Amino acid sequence: MSTPLDVATAGHIQIWTINQPEVGNAITGLDVIEAIENAVDEANADTAIRAIILTGAGKIFSAGGNVKEMADGRGMFGVDERAKRRAYVTGIQRIPRALQRLEVPIIAAVNGAAIGAGLDLAMMCDIRIASDRASFAESFVSIGLIPGDGGTWFLPRAIGWERAAEMTFTGDRIDAATALDWGLVSRVVPHENLIAESDQLAERIAKNPGEALRMAKRLLQESQAGSLESVLGMAAAMQPLAHLDPEHEARIAKWRTE
């Protein structure tokens, strides 16, 4: 029986695959949301995990919302209008909250279209690598909606206010080359090389001590909104812990003998 999110582990690296190609790897169902939350909690608890790759099964990374459910008034879209706000809080907004607490570096391997909440999901990742077949759209306004999952927070931080405004206000789709030019992704690779290239990057990350990686990620997150003083304070508190990590001591001992 298939699961909405396949998790495969090889050494220090996990690959998370959204496995709902029949609905465009939509992420608005509670089963997907809960699967992502569980994967986050399990990765946080497993200190052997040092890097994660997130991708989609089939030809689409994620179409975001399940438009058929939206049209039919089912799932999170089937509640009374007065309850819809709460449905977002207890539904899809659980994904950005979960990924925000993920301690492990995560790479989005965007294998196809990343549309609406699918684009926002990619933006929740630390690094994005795109297939040359990938495309991206903040498409909510085209169906009379707004980004309900934090897209207006993530997108400007990646590509700047004006380009985020253009994508948000037009709903237009951009191709992988434009996404690279705008800084939405860090690189574009041939489609057939996407997972291999993502895995090579994950390996370069995972060769580093796990606790240092997790603390460095936390500092980067704090730097998005915190002041310099708050980041310096966190760094001063975390660094002594890093010095005590046996992996740090082993790396220093190895450096001395080289």
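Residues numbered from 1 in each chain as written. Predicted model: local features only at pLDDT ≥ 70, side-chain atom pairs only at ≥ 80, totals over all residues. Heavy atoms only, no water.

1. Structural notes on the packing of aromatic side chains
Next, step 1: If you walk through the whole model with that rule in mind, you get 1 aromatic pair.
Next, step 2: Measuring from centroid to centroid gives 5.1 Å for W153 and F154, while their planes differ by 80°, and the two rings are edge-to-face.
Next, step 3: Owing to a relative accessible area of 32%, W153 belongs among the partly exposed residues under this scheme.
Next, step 4: A relative accessible area of 11% means that F154 is categorised as buried.
Next, step 5: Taking the ring centre of W153 as reference, the NZ or CZ of R157 above it sits at 3.8 Å. (Phe/Tyr/Trp six-rings, centres within 6.5 Å; stacked < 30°, edge-to-face > 60°. Buried < 20%, exposed > 50% of the residue type's maximum accessible area, 1.4 Å probe, protein only. Lys NZ or Arg CZ within 6 Å of the ring centre and 35° of its normal.)

2. Section: the domain arrangement of the protein
Next, step 1: Each assigned domain of the protein is listed here: domain 1 (5-207) and domain 2 (210-255).
Next, step 2: On the side of domain 2, 9 residues touch domain 1, which itself brings 18 residues to the contact.
Next, step 3: A combined buried area of about 1,100 Å² lies between domain 1 and domain 2, and 38% of that area is made up of carbon and sulfur atoms.
Next, step 4: Contact with domain 2 buries area across many residues of domain 1, yet R50, Q100 and E103 alone supply 39% of it, more than any other trio.
Next, step 5: Where domain 1 touches domain 2, the interface holds 3 salt bridges.
Next, step 6: In this structure, the connection of domain 1 to domain 2 is made through 11 residue pairs in polar contact (both at pLDDT 80 or more).
Next, step 7: Listing elements by their share of the side of domain 1 that touches domain 2, those giving two or more residues are α1 (30-45), α4 (94-100) and α6 (151-159).
Next, step 8: Considering only residue class, the side of domain 1 that touches domain 2 consists of 9 nonpolar, 3 polar and 6 charged. (Domains from an automatic or database assignment. Contact = heavy atoms within 4.5 Å. Buried area = accessible area lost by both parts, 1.4 Å probe. Salt bridge = Lys/Arg side-chain N within 4 Å of Asp/Glu carboxyl O. Polar contact = N/O pair within 3.5 Å; in protein donor to acceptor, adjacent residues only side chain to side chain. Helix = DSSP H or I, 4+ residues; strand = E, 2+ residues; numbered from the N terminus. Nonpolar A, V, L, I, M, F, W, Y, C, P; charged D, E, K, R; others polar.)

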